[in-house]
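# Structural description and commentary
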Amino acid sequence: MTQLPIELLRSCAPANRPTIALSEGSDPRIVAGALAAHQAELADIILIGAVAEVEATLQAQGASAGPGIAVHDPATADLTEEFASRYHELRKHKGVDEAKARAAAETPLVYAAMLVRSGRALGTVGGAVHTTGDVVRTAIQVIGMAPDAAMVSSFFLMYPPASADNGRAMLYSDCGLVIDPSAKELAGIATASAVSARALLQVKPKIAMLSFSTKGSARHPAVDKVIEATNALRTDHPDLNVDGELQFDAAFVPSVGERKSPGSAVAGQANVMIFPNLDAGNIGYKITQRIGGYAAIGPVMQGLAQPANDLSRGCIAEDVTQMIAVTILQALNK
Ligand SMILES: CC(C)(COP(=O)(O)OP(=O)(O)OC[C@H]1O[C@@H](n2cnc3c(N)ncnc32)[C@H](O)[C@@H]1OP(=O)(O)O)[C@@H](O)C(=O)NCCC(=O)NCCS
Ligand SMILES: CC(=O)OP(=O)(O)O
């Protein structure tokens, strides 16, 4: 039975309690998720937002700022000056002058990412209010890519409901960020996802390169892209357990996998589902979540220098707590 991120984090028992910055500090789901993480002694929290609004949300939930729960208002915080100067240094080659840098540092997303970049927080979570584009763009521009990463992509951790007799935990990618990856990018998303699946699901990755075709059942340039990515993975990473191109039923259902891709070690048992583009990935994860009843934790970002993660605007407080745990686990696995 796969452990949820909170359980996995508890079993790791980090020596120090990390600090996580939450850029949407007045959203009731963010505050409830943060309070749960703090009460479970998983993390100290910095809630970012206008002080009166954050305090009102805390109060409505019977809580207040205090040890382990800090409130920072970027419009008035002492750190904003330093963050404006750092942001100016980072972005002046893109035409960002000092006034624009100050305005950026006063936004909760940039302020939260700067807390991470400057080492004052281990990671950041946002996206219950902001769009994924805004969250991801800020993370890429402020925190930047990991030195060994070719690109940033994202994934969801998908956990089956207790009622599912054929369910299993899976990683779905990319459902949040890369809109139309090339074959090379798709292969990169798959290799990064395999690493993330090992770390966060504690499974040996079985990677399905998804398509509307299985093993030549349809012909189209979109299918060729998935075949090319699969071949590149087999050549460059012979250690990886990968099969493609596969339809979702061939990847997920053992009897269909055996019929459509006989003898495959992945078909019917895949636990890393690589979607061919963001249309398929984003729609696919939401169907699995909303009709299939799976819990969906994401979009988790991979390829950043330090952890910064997104949420769906449809998230609930429990998702926020789980994402805080994921963010800490990513830092521990770096
Ligand atoms: C990057 C993204 C998040 C935003 O795109 P955008 O607003 O057009 O921004 P840009 O393309 O200018 O990219 C912003 C920066 O990120 C960089 N970037 C974009 N995609 C990247 C990637 N996958 N990896 C690393 N860097 C990337 C760009 O080079 C650019 O850097 P710069 O500002 O230093 O020049 C885009 O991938 C996107 O919109 N994805 C879809 C998000 C979404 O709506 N998802 C559905 C709901 S989950
Ligand atoms: C991941 C995602 O789809 O985010 P949102 O629901 O906020 O658009």
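Residues numbered from 1 in each chain as written. Chains lettered and ligands numbered in written order. Predicted model: local features only at pLDDT ≥ 70, side-chain atom pairs only at ≥ 80, totals over all residues. Heavy atoms only, no water.

Taken as a whole, this structure holds 12 salt bridges when the rule is applied. Two residues, Arg 29 and Asp 27, come together in a salt bridge whose shortest N-O distance is 3.1 Å. Of the residues examined, Arg 29 reaches a relative accessible area of 23% and is grouped as partly exposed. Classification of Asp 27 as buried rests on a relative accessible area of 11%. Residue Glu 82 is joined to Arg 86 by a salt bridge in which the shortest nitrogen-to-oxygen separation is 3.1 Å. Taken together, the residues Glu 82 and Arg 86, both in helix H4 (residues 79–91) and 4 residues apart, mark about one turn of the helix. One salt-bridge network, in which partners are shared between bridges, spans Glu 81, Arg 102 and Glu 106. (Salt bridge = Lys/Arg side-chain N within 4 Å of Asp/Glu carboxyl O. Buried < 20%, exposed > 50% of the residue type's maximum accessible area, 1.4 Å probe, protein only. Helix = DSSP H or I, 4+ residues; strand = E, 2+ residues; numbered from the N terminus.)

All right, on to the site of ligand 1 then. Neighbouring ligand 1 are 16 residues, the closest being Arg 91, Lys 94, Arg 137, Gln 141 and Val 152. The separation between a nitrogen atom of ligand 1 and a polar main-chain atom of Leu 177 is 2.9 Å. Burial of ligand 1 by the protein amounts to 59% of the accessible area it has alone, namely 930 Å². Elements with a minimum of two residues in the shell around ligand 1: helix H7 (132–143) and helix H12 (278–290). For the shell around ligand 1, the element with the highest residue contribution is H7, accounting for 6 residues. Each residue belonging to the shell around ligand 1 can be placed in one class, and the counts come to 8 nonpolar, 5 polar and 3 charged. (Near = heavy atom within 4 Å. Polar contact = N/O pair within 3.5 Å; in protein donor to acceptor, adjacent residues only side chain to side chain. Areas by Shrake-Rupley, 256 points an atom, 1.4 Å probe, with all protein chains shown as cover. Nonpolar A, V, L, I, M, F, W, Y, C, P; charged D, E, K, R; others polar.)

Moving on, we get to the sheet that holds strand E9 (residues 272–274). If you walk across this open sheet you meet the 6 strands as E8-E7-E9-E6-E5-E10, and the pairing is mixed. Each of the sheet's edge strands pairs with one partner strand only, and the pair in question is strand E8 (241–246) and strand E10 (295–302). The sheet shows a mean angle of 20 degrees between the axes of neighbouring strands, direction not considered. Where strand E6 (residues 170–173) meets E9, 3 bridges bridge the pair, whose relative direction is parallel. In the strand pairing of E9, Tyr 172 is matched with Met 273. (Pairing = 2+ DSSP bridges. Axes fitted to C-alpha atoms, helices over the stretch in contact; angles between N-to-C directions.)

Here we take up the packing of helix H8 (residues 183–201) against helix H9 (residues 221–236). Direction vectors running N to C along H8 and H9 enclose 55 degrees, while the axes themselves pass 8 Å from each other. Overall, the two elements H8 and H9 adopt an arrangement that is oblique. In this structure, H8 crosses over H9, and the sense of that crossing is right-handed. Across from Ala 183, Leu 186, Ala 187, Ala 190 and Thr 191 in H8, the residues of H9 making contact are Lys 225, Val 226, Glu 228, Ala 229, Ala 232 and Leu 233. (Parallel < 35°, antiparallel > 145°, perpendicular 65-115°, else oblique. Left-handed = near helix turned anticlockwise from the far one by under 90°. Contact = heavy atoms within 4.5 Å.)

Around ligand 2, the neighbouring residues are Thr 132, Phe 156, Asn 282, Tyr 285, Lys 286, Pro 299, Ser 312 and Arg 313. Note that an oxygen atom of ligand 2 is positioned 2.9 Å from one of the side-chain N or O atoms of Asn 282. Lys 286 is positioned such that a nitrogen or oxygen atom in its side chain is 2.8 Å from an oxygen atom of ligand 2. Summarising the interface, the protein chains cover 86% of the accessible area of ligand 2, which totals 260 Å² for the free molecule.

Take the packing of aromatic side chains next. Overall, the coordinates contain 5 aromatic pairs when judged by the stated rule. Between Phe 156 and Tyr 285, the ring centres sit 3.7 Å apart and the planes meet at 20 degrees, which makes this aromatic pair stacked. Highlighted residues: Phe 156 in strand E5 (residues 153–159) and Tyr 285 in helix H12, separated in sequence by 129 residues. Take Phe 156 and Tyr 285: they sit in the same class, and that class is buried. (Phe/Tyr/Trp six-rings, centres within 6.5 Å; stacked < 30°, edge-to-face > 60°.)

A word on the UniProt feature "domain: Phosphate acetyl/butaryl transferase" (unreviewed entry) in the protein chain. The positions UniProt marks with the feature "domain: Phosphate acetyl/butaryl transferase" (unreviewed entry) are residues 9–328. Helix and strand shares over residues 9–328 are 44% and 16% respectively, and the end C-alpha atoms of the span are 8 Å apart. (UniProt positions renumbered as here; feature names shortened; annotations may be inferred.)

In terms of burial, E5 is a largely internal element, 7 of the 7 residues being buried. Of the two faces of E5, the one holding Ser 153, Phe 155, Leu 157 and Tyr 159 and the one holding Ser 154, Phe 156 and Met 158 are both buried throughout. The pairing of E5 with E10 spans 6 bridges and is classified as antiparallel. Along E10, the bridge assignment pairs Tyr 159 with Ala 295. For E5 and E6, the ladder comprises 4 bridges, and the chain directions are antiparallel. Counterpart to Leu 157 in the pairing with E6 is Leu 171.

Right, let's talk about the pairing of strand E7 (residues 206–210) for a bit. Counting buried residues along E7, 4 of its 5 residues qualify, which places the element largely inside the surrounding structure. For E7 and E8, the ladder comprises 5 bridges, and the chain directions are parallel. Across the sheet, residue Lys 206 finds its bridge partner in E8, namely Asn 241. With H9 bridging E7 and its parallel neighbour E8, the resulting β-α-β unit is right-handed. (Right-handed = clockwise from strand over helix to strand, strands pointing away.)

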